[in-house]
Amino acid sequence: MERSFGVDDVLAGQPSWGTLIKRGLMKKCPRCGGGHIFRSWFRMKERCPRCGYLFEREPGFFIGSYFVNFMIAEGFLFVLVMVFVGFKANSPDMGIRVPAAIGVAIAIVGPLVFYPFSRTIWSAFDLLMTPLEVEEIVQAADAVLPPPESED
Ligand SMILES: [Zn+2]
């Protein structure tokens, strides 16, 4: 397998915030933009297979992703309520059953659908707020780069 990641990438600076957020929204590694970082919909790999970035940077790291997931679900519910209020203003006889059913569906299905995105978005936010330490860069490189050739 040919490596698409080299020393230049290790030495490269922090991606811009726009790039980080875009990668988070696309379910990509925030550091290099590489894909295939999930084993399944709910299981993330420990490190990025392309750049070696360790996703769980400290114990309890992904608690923040639950907050992101919560905010996404709340955002959709807010939009639903606003649309309902708009319709209700024009037709006061409109029932609440359909909007309530949609709301329940969003509240249950939404967090499951957005689970992996919430993790990559959180990882992107974290990398934005806390750039990698040299030690983390070296460990990431060690995880993906071949060992240096011996001198003899
Ligand atoms: Zn990566």
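Here, every reference points to the structure presented above.
Summarised in this report is the structure supplied together with it. (Residues numbered from 1 in each chain as written. Predicted model: local features only at pLDDT ≥ 70, side-chain atom pairs only at ≥ 80, totals over all residues.)

Digging into the nonpolar core
- Of all hydrophobic cores here, the largest spans 10 residues; its members are C29, C32, I37, M44, C48, C51, Y53, F55, A140 and V144.
- Setting aside residues no more than four positions away along its own chain, A140 makes contact with C51, G52, Y53 and L54. (Core = buried A, V, L, I, M, F, W, Y, C linked by C-beta atoms within 7 Å. Buried ≥ 20, exposed ≤ 12 C-beta atoms within 10 Å, placed from the backbone. Contact = placed C-beta atoms within 7 Å.)

Examining the environment of P99
- Along the polypeptide, P99 turns up in helix 4 (residues 97-113).
- Once the C-alpha coordinates of P99 and F84 are considered, the two residues, 15 residues apart in sequence, prove to be 6.9 Å apart.
- The residues contacting P99, other than those within four sequence positions of it, are L80 and F84. (Helix = DSSP H or I, 4+ residues; strand = E, 2+ residues; numbered from the N terminus.)

Describing helix 4
- With 17 residues, helix 4 should reach 24 Å at 1.5 Å per residue; the first-to-last C-alpha distance of 23 Å fits that figure.
- Counting buried positions over the 17 residues of helix 4 gives 0, only a small fraction of the element. (Expected span 1.5 Å × (residues − 1).)

Focus on helix 5 (residues 115-129)
- Over its 15 residues, helix 5 runs 21 Å from end to end, which matches the ideal 21 Å to within 8%, given 1.5 Å per residue.
- Looking at the buried side of helix 5, the elements it contacts are helix 2 (17-25) and helix 3 (63-90).

Side note on the packing of helix 3 against helix 5
- Helix 5 packs onto helix 3 with a crossing angle of 120 degrees between their chain directions and a minimal axis gap of 8 Å. Between helix 3 and helix 5, the interaxial angle falls into the category oblique. The two elements helix 3 and helix 5 meet at a crossing, and its hand is right-handed. Two secondary-structure elements touch here, helix 3 through G64, S65, V68, N69 and I72 and helix 5 through Y115, S118, R119, I121, W122 and D126.
- By residue class, the composition of the contact of helix 3 with helix 5 is 5 nonpolar, 4 polar and 2 charged. (Axes fitted to C-alpha atoms, helices over the stretch in contact; angles between N-to-C directions. Parallel < 35°, antiparallel > 145°, perpendicular 65-115°, else oblique. Left-handed = near helix turned anticlockwise from the far one by under 90°. Nonpolar A, V, L, I, M, F, W, Y, C, P; charged D, E, K, R; others polar.)

Quick word on unusual backbone geometry
- The phi dihedral of K27 is positive, around 65 degrees, even though this residue is not glycine.
- Judged by the 16 C-beta atoms lying within 10 Å of it, K27 falls in the partly exposed class.
- Located in the positive-phi region is H36, a residue other than glycine, with phi close to 55 degrees.
- Mapped onto the fold, H36 is located in the loop between helix 2 and helix 3.
- Under the C-beta neighbour-count criterion, H36 is labelled exposed, with 12 such atoms within 10 Å.

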